[in-house]
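Structural features, examined
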Amino acid sequence: MQILSNKSIYLCTRSIKKLSTLFLMLLPYLQAGRLEAGCDEAGRGCLAGPVFAAAVILPLDIEERIAHGESGLSLLNDSKQLTEKQRYQLRPIIEKEALAWAVGVCTHEEIDRLNILKASIEAMHRAVRGLTVRPEFLLIDGNRFYPFENLPHQTIVKGDGKMMSIAAASILAKTYRDDFMIKLHEEYPYYDWKTNKGYPTKKHRAGIALHGASPYHRTSFTLLREPQQLEIKFEE
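Calculation criteria
Residues numbered from 1 in each chain as written. Predicted model: local features only at pLDDT ≥ 70, side-chain atom pairs only at ≥ 80, totals over all residues. Heavy atoms only, no water. Salt bridge = Lys/Arg side-chain N within 4 Å of Asp/Glu carboxyl O. Helix = DSSP H or I, 4+ residues; strand = E, 2+ residues; numbered from the N terminus. Buried < 20%, exposed > 50% of the residue type's maximum accessible area, 1.4 Å probe, protein only. pLDDT = per-residue confidence, 0-100. Contact = heavy atoms within 4.5 Å. Core = buried A, V, L, I, M, F, W, Y, C linked by side-chain atoms within 4.5 Å. Expected span 1.5 Å × (residues − 1). Bend = angle between axes of the 7 residues up to and from the residue. Phe/Tyr/Trp six-rings, centres within 6.5 Å; stacked < 30°, edge-to-face > 60°. Lys NZ or Arg CZ within 6 Å of the ring centre and 35° of its normal. Pairing = 2+ DSSP bridges.

For the coordinates displayed, the defined rule picks out 11 salt bridges. Of the charged contacts in the structure, one is a salt bridge between R126 and E110, with a shortest N-O distance of 2.7 Å. Here the residue R126 occupies a position in helix 5 (residues 116-129), and E110 occupies one in helix 4 (residues 108-114), the gap between them amounting to 16 residues. A relative accessible area of 14% places E110 in the buried class. When salt bridges that share partners are traced, they join D78, K80 and D160 into one network.

This part is about the confidence of the model for the chain. Per-chain confidence: the chain averages 88 in pLDDT, with 85% of residues scoring 70 or above. Long-range and interchain partners of residues 8-24, a stretch whose pLDDT sits below 50, account for 1 contact in this model, where long-range means more than four residues apart. Scored below 50 in pLDDT, residues 228-236 shows 0 contacts in the model against residues more than four places distant or in partner chains.

If you look at the biggest cluster of nonpolar residues, it comprises 25 residues, and the most contacted ones within it are V51, V128, L131, L138 and F145. Among the elements that take part in this core, helix 5 stands out by supplying 8 residues, more than any other. Not counting the four nearest positions on each side in its chain, F145 is found in contact with I121, M124, H125, L138, I140, H153 and T155. Ranked by size, the runner-up nonpolar core spans 20 residues in total, among them A54, I62, A167 and A173.

What follows concerns helix 3 (residues 84-97). Helix length check: helix 3, at 14 residues, gives a terminal C-alpha distance of 20 Å against a target of 20 Å (1.5 Å per residue), a fit within 8%. Its maximal kink placed at L90, helix 3 deviates by approximately 25°, while the proline P92 follows within four residues. Those residues of helix 3 not exposed but buried are R87, L90, R91, I94 and E97. Taken together, the buried residues of helix 3 touch strand 2 (51-57), helix 2 (62-67) and helix 6 (164-187).

Attention now goes to the packing of aromatic side chains. Counted by the stated rule, this structure contains 6 aromatic pairs. Plain terms: the ring middles of F52 and F180 are 5.9 Å apart, the flat faces sit at 55° to each other, and that makes the pair tilted. Residue F52 is found in strand 2, and its partner F180 is found in helix 6; the two are separated by 128 residues along the sequence. An aromatic cluster of at least three residues, connected via ring pairs, comprises Y188, Y190, Y191, W193 and Y216. Sitting over the ring of Y176, R91 keeps its end group 4.0 Å from the ring centre.

Attention now goes to the pairing of strand 4 (residues 137-141). For strand 4, the buried fraction is high: 5 of the 5 residues fall into the buried class. With burial as the criterion, each face of strand 4 is covered, one bearing F137, L139 and D141 and the other bearing L138 and I140. Bridging between strand 1 (residues 36-42) and strand 4 involves 4 bridges; their strand directions are parallel. Bridging from a neighbouring strand, A37 pairs with L138 of strand 4. Here strand 4 runs beside strand 5 (residues 153-156); their pairing, made up of 4 bridges, is parallel. Residue I140 lies in a different strand from strand 5, and its bridge partner there is T155.

This is the structure in structure tokens:
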């Protein structure tokens, strides 16, 4: 029986990690040679603040650039799988290397008026409208979308973990919204927005219970859970 040395085990582990990276690599496009804009949103499940969306068109040869070490997007991934530091490191690289990118926003008032689904899609429309290069096709994270002008589109469930352009859009939407909520925290520190970014954490809801809702809270959302009633059973 052959016993592997620590060095051999280390080299094997490195090889497995490299292979895993190759198999998990995001797809650069849905159809080669077509200008595709990836779209994603951030903040749908929050109790406060706007919903942000981004649209990103990556170069047609982005896969080759990464393979030859000519791109800084080799670590590109779904924003939820990255650390905050990695997201902010990737943001300027995405903005530099993209053929075009834009961010769209729908306010909390618009969310309350339209509903969160329609507001999220409208934010995506605004992002696409802001692109300086017109795409030929839209790749949409999720399973719902309203057509934008005459552009064809494809919805992709968990697309931010499958397509490079959607992953890039998820990073821009997430970081720009985080910046917005951190700024709001300075005005309303009771809700811990610098940490939870408006999501329904215990500390956020405790702040609402103690101080009431802020002008930035979404009134169409359930801000506080209904207190659970204690059911008492009596013996017959």
